[in-house]
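The lines below spell out each chain.
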Amino acid sequence: MTAGPGETPSFDRDIKNLFRGSDREAMLGAFDLWSYDDVSKHAAPILERLQDGAMPCDGAWPPANVAIFARWVAGGMPR
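Since the model is a prediction, treat every value here as computed from it, not as a measurement.

What follows concerns helix α4 (residues 43-52). Buried within α4 we find Ala-43, Ile-46, Leu-47 and Leu-50. Viewed along the axis of α4, the buried residues span an arc of 100°, placing them on a single side of the element. Turned more than 90 degrees away from the buried face of α4, the exposed residues are Ala-44, Glu-48 and Asp-52. Turning to α4, the residues buried within the fold contact α3 (36-41) and α5 (63-74). Phi turns positive one or two residues past the end of α4, at Gly-53, with a value near 80°.

Turning our attention to the pattern of salt bridges. The tally for this structure, following the rule as stated, stands at 6 salt bridges. Between Glu-7 and Arg-13 there is a salt bridge; the shortest N-O distance is 3.4 Å. On the basis of relative accessible area, Glu-7 is assigned to the partly exposed category, the value being 31%. The class of Arg-13 is partly exposed, set by a relative accessible area of 29%. One salt-bridge network, held together by shared partners, links Glu-7, Arg-13 and Asp-14.

Right, let's talk about α5 for a bit. Given a rise of 1.5 Å per residue, 12 residues ought to cover 16 Å, and the 16 Å separating the end C-alpha atoms of α5 matches this to within 8%. Residues Val-66, Phe-69 and Trp-72 constitute the buried set of α5. Along the axis of α5, the buried positions cluster into a sector of 120°, meaning they face one direction only. When the buried face of α5 is taken as reference, the exposed residues oriented beyond 90 degrees from it are Pro-63, Ala-64 and Ala-74. Packing partners of the buried residues in α5 comprise α1 (11-15), α3 and α4. Where α5 ends, the next residue or the one after it, Gly-76, has phi of about 95°, a positive value.

This next bit is on the packing of α4 against α5. It is the contact of α4 with α5, at a shortest axis distance of 10 Å, that shows an interaxial angle of 155°. In terms of orientation, α4 and α5 fall into the roughly antiparallel class. Remark: the crossing between α4 and α5 carries left-handed chirality. Between α4, through Ala-43, Ile-46, Leu-47, Leu-50 and Gln-51, and α5, the contact on the second element is made entirely by Val-66, Phe-69, Ala-70, Trp-72 and Val-73.

How each quantity is defined
Per chain, residues are indexed from 1 in the order of the written sequence. Under the rules for a predicted model, residues below a pLDDT of 70 receive no local features and side-chain atom pairs below 80 are neither given nor counted, while totals for whole chains, interfaces and linings still include all residues. Hydrogen atoms and water are omitted, and side-chain values are computed over all heavy atoms in the structure. For the exposure calls, accessible area comes from a 1.4 Å probe over protein chains only, and a residue counts as buried if that area is under 20% of its type's maximum, exposed if over 50%, partly exposed in between. By the criteria applied, helices consist of DSSP H or I runs no shorter than four residues and strands consist of E runs no shorter than two, each listed in order from the N terminus. It is the directions from the helix axis to the C-beta atoms that the arc portrays. Two residues form a contact once any of their heavy atoms are found within 4.5 Å. Each salt bridge in this description consists of a side-chain nitrogen of Lys or Arg and a carboxyl oxygen of Asp or Glu lying within 4 Å of one another. Expected helix span is computed as 1.5 Å times (number of residues minus one). Every axis corresponds to a line fitted to the C-alpha atoms, with the helix fit spanning only the stretch in contact, and the corresponding angles, defined between N-to-C directions, vary from 0 to 180 degrees. Any angle from 65 to 115 degrees is called roughly perpendicular, while one under 35 is roughly parallel, one over 145 is roughly antiparallel, and all others are oblique. For any pair of crossing helices, the crossing counts as left-handed if the nearer helix is rotated counterclockwise from the farther one by less than a right angle, and right-handed if it is rotated clockwise.

These figures capture arrangement, not role.
If you want it as structure tokens, here you go:
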């Protein structure tokens, strides 16, 4: 189950699953995309890269996924 319209997404239910294993491996030198602590700490620059299409490096996320991440950030980044 994922966050519905008007509901704040959570990291464990909605955000972590957006990052593929290959995304995680590519970023492990900087931070762990499957770690709540790491993603919440770096949420602003991650969101910037998602919005400008620079992340992930092999192609931009669909707009719906970027919107879910943005809602999570705006909603206070619940675990």
